[in-house]
Protein chains: 2
Amino acid sequence: MEARKPYDIDRLTDVALRVFAERGYDGASMDDVARAAGITKAGIYHHVAAKEALLERGLRRALDALFAIAEEPEAREGAAIRRLEHIVHRVVEATFTLLPELTVLFRVRANSPVTREAVERRRAFDRLVAGLIRQAQSEGAIAATFDPALASRLIFGMSNSLVEWYHPGGQLGPAEIAAAVENLVFDGLRGPGAGAV
Amino acid sequence: MEARKPYDIDRLTDVALRVFAERGYDGASMDDVARAAGITKAGIYHHVAAKEALLERGLRRALDALFAIAEEPEAREGAAIRRLEHIVHRVVEATFTLLPELTVLFRVRANSPVTREAVERRRAFDRLVAGLIRQAQSEGAIAATFDPALASRLIFGMSNSLVEWYHPGGQLGPAEIAAAVENLVFDGLRGPGAGAV
C-alpha cells in the first residue's frame, strides 16, 4: 500500500491510469481512483480539477514517449529499414514500461478536445512511420506492394494489441514478445526459419 | 430512418451494437440505444430485459461467425499453412461484414458471466489457431522460432485493429486491406517484393 506517503500529481496519475486501464476511462469514476489511491475524493480534487485532467496527463506521457523514440539517433540516421526496425523495437519496449498509459491511449476515442488532440498526435506518429516505410520502399528494402499508411496501422495494431493480453510475470517475457513482433513484422510467419511451400 | 418499421430483436441488436461500438459498452445507455432506434425505452424493454442481453446477442453473433470459419472445408483440410491462410483471410472478411459485433467483442473485458464466457470462447478460437500454427511448423511451413500462442495473438491483434480505424468508403477497400494483412502475416514487410538488405 502506498497510502501513507503524501500524493503528488505524478503518483496520482500513475494510480488513475491503472484504474482507467482496468475499468475503461468511461467506466472509471473518481471514487474508483480515490479508492485505489487510498485517499479521499477531496484529496484528489486538491491535485486535479477533473477526471479528464488525469487522462490528459496520461495521454501526454504515452505520446511524449512515442515521439521521444522517433527522436533517438537510431530512428533518425541510417537506412530507412533499420530506422523502422529501431522504432518498432522501442515502441514494443515502451508498451511494457508504460503499459497503463499506452493501454489508455490505444483505446481512446476522439470525443472531447483532450482526446481529439491525443488522437491527432497519434496519427502524426503513424504518418511519421508511414514516411519511413515509403523511404524503405524506395531503397528497395520493403516490398513495394504495401500501402505505407496501411502497413503502419497494421504494425501498430499488432504491437498495440499487447496491452489487451500481456500480463507481467506471464510465461513469455518482454524480450520474447518483442522478438516475435519484429520477426512477424519484418519477415512474416514464413520467414527465414521456414522452408518454401 | 428505420423508425416506422416494427422492431424485432435482431434489428434491435443491430442498432445496439452500432451504439456500443461507437460509445463503448459502458458508456452507452439504453436511452442511447432507444434514441438510435427511434423508439421508446419501453419499446426496447418489450424485447429485452437488460442492456447486457443485447451485448450477449452481439457477442454470440461475432463468436459464432469465427467458429463457423473454422468449420469451413478450407479450414479443415489440406496443409496447415493453407488452412491458416484461409482462416486469416476469412476473419478479416468477417471483420468487415460484422464490424460492430467484432468491435464490441475485441474490446470486451471479462467482468461478468456474459463477458467471461465470450472471452473464454475467444481464447478457444485463439488456441485452435495456435494449434494450426504448431502443425504448420511441424510441416516446415512456418518458422520454428515462433511461439504458436503468441503468434496467434499477434496475428489477430493486427487484424482486430481494423475495427479501430476502418471506415467504410475510405481510400482502401476490404480487398486491399485483407491482402495487406495476409502479406504482412505470412511474408512480412521484407516479403517477396523486396530486395535483401
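Here the structure is a predicted model, which means the values were calculated and not measured.

Criteria and cut-off values
- Residues numbered from 1 in each chain as written.
- Chains lettered and ligands numbered in written order.
- Predicted model: local features only at pLDDT ≥ 70, side-chain atom pairs only at ≥ 80, totals over all residues.
- Heavy atoms only, no water.
- Helix = DSSP H or I, 4+ residues; strand = E, 2+ residues; numbered from the N terminus.
- Expected span 1.5 Å × (residues − 1).
- Buried < 20%, exposed > 50% of the residue type's maximum accessible area, 1.4 Å probe, protein only.
- Contact = heavy atoms within 4.5 Å.
- Polar contact = N/O pair within 3.5 Å; in protein donor to acceptor, adjacent residues only side chain to side chain.
- Buried area = accessible area lost by both parts, 1.4 Å probe.
- Salt bridge = Lys/Arg side-chain N within 4 Å of Asp/Glu carboxyl O.
- Domains from an automatic or database assignment.
- Least-squares fit on C-alpha atoms with pLDDT ≥ 70 in both.
- Phe/Tyr/Trp six-rings, centres within 6.5 Å; stacked < 30°, edge-to-face > 60°.
- Lys NZ or Arg CZ within 6 Å of the ring centre and 35° of its normal.
- Core = buried A, V, L, I, M, F, W, Y, C linked by side-chain atoms within 4.5 Å.

### Remarks on helix α1 (residues 9-23) of chain A
Residue and element names in this part refer to chain A.
Reasoning step 1: With 15 residues, α1 extends 21 Å from end C-alpha to end C-alpha; this agrees with the ideal 21 Å at 1.5 Å per step.
Reasoning step 2: Residues Arg11, Leu12, Thr13, Val15, Ala16, Leu17, Val19, Phe20 and Ala21 constitute the buried set of α1.
Reasoning step 3: Buried positions along α1 lie against α2 (30-37), α3 (41-45), α4 (51-71) and α7 (99-107).
Reasoning step 4: Looking at where α1 begins, the residue whose side-chain oxygen comes 3.1 Å from the main-chain nitrogen of Asp10 is Asp8.

### As for the interface of chain A and chain B
Reasoning step 1: The interface of chain A with chain B comprises 47 residues on the first partner and 47 residues on the second.
Reasoning step 2: When chain A packs against chain B, the two sides together hide about 4000 Å² of surface, and 65% of this comes from carbon and sulfur.
Reasoning step 3: The three residues of chain A that bury the most area against chain B are Leu154(A), Leu189(A) and Arg190(A), which together make up 20% of that side's buried surface.
Reasoning step 4: Summed over the shared surface of chain A and chain B, the result is four salt bridges.
Reasoning step 5: Arg190(A) is the partner of Glu85(B) in a salt bridge, and the nearest nitrogen-oxygen pair spans 2.6 Å.
Reasoning step 6: Applying the counting rule to chain A against chain B returns 16 residue pairs in polar contact (both at pLDDT 80 or more).
Reasoning step 7: Of all the elements, helix α11 (residues 174-187) of chain A adds the most residues to the side of chain A that touches chain B, at nine residues.

### Quick look at the domain arrangement of chain A
Residue and element names in this part refer to chain A.
Reasoning step 1: On domain assignment, one finds that chain A holds domain 1 (9-45) and domain 2 (56-187).
Reasoning step 2: Of note, the centres of domain 1 and domain 2, computed from C-alpha atoms alone, are 27 Å apart.
Reasoning step 3: Facing nine residues of domain 1, the contacting portion of domain 2 comprises nine residues.
Reasoning step 4: It is Thr13, Leu17 and Ala21 that lose the most area in domain 1 upon contact with domain 2, and together they represent 55% of the buried surface on that side.
Reasoning step 5: Counting every contact that joins domain 1 to domain 2 gives four salt bridges.

### What about the relation of the copies chain A and chain B?
Reasoning step 1: For these two chains of identical sequence, chain A goes onto chain B by a turn of 180 degrees and a shift of 0.0 Å along the axis, with RMSD 0.0 Å. This pairing of chains is accounted for by a two-fold axis.
Reasoning step 2: Most of the interface of chain A is mirrored in chain B, where 100% of its interface residues again form contacts.

### Observations regarding the packing of aromatic side chains
Residue and element names in this part refer to chain A.
Reasoning step 1: Per the stated rule, a full pass over the model turns up eight aromatic pairs over all chains.
Reasoning step 2: Summarising the aromatic geometry, the rings of Phe67 and Phe125 are spaced 5.7 Å apart at their centres and angled 80 degrees between planes, so their arrangement reads as edge-to-face. Here Phe67, found in helix α4, pairs with Phe125, found in helix α8 (residues 113-138); they are 58 residues apart in sequence, far enough to count as distant.
Reasoning step 3: Classification of Phe67 as partly exposed rests on a relative accessible area of 23%.
Reasoning step 4: Following the ring pairs from residue to residue traces out a cluster consisting of Phe67, Phe125 and Phe156.
Reasoning step 5: Across the ring face of Tyr25, the terminal group of Lys51 is positioned such that the distance to the ring centre comes to 4.2 Å.

### What to know about the pattern of salt bridges
Reasoning step 1: A complete count under the given rule lists 36 salt bridges over all chains for this structure.
Reasoning step 2: Via salt bridges that share partners, Asp10(A), Asp14(A), Arg57(A), Arg61(A) and Glu101(A) belong to a single interconnected network.

### Overview of the nonpolar core
Reasoning step 1: In this structure, Leu189(A) and Leu189(B) are the most contacted members of the largest nonpolar core, which totals 142 residues.
Reasoning step 2: Beyond its immediate stretch of four places on either side in the chain, Leu189(A) contacts Leu184(A), Ala194(A), Leu84(B), Ala141(B), Ile142(B), Ala143(B), Phe146(B), Ala151(B), Ile155(B), Val185(B) and Phe186(B).

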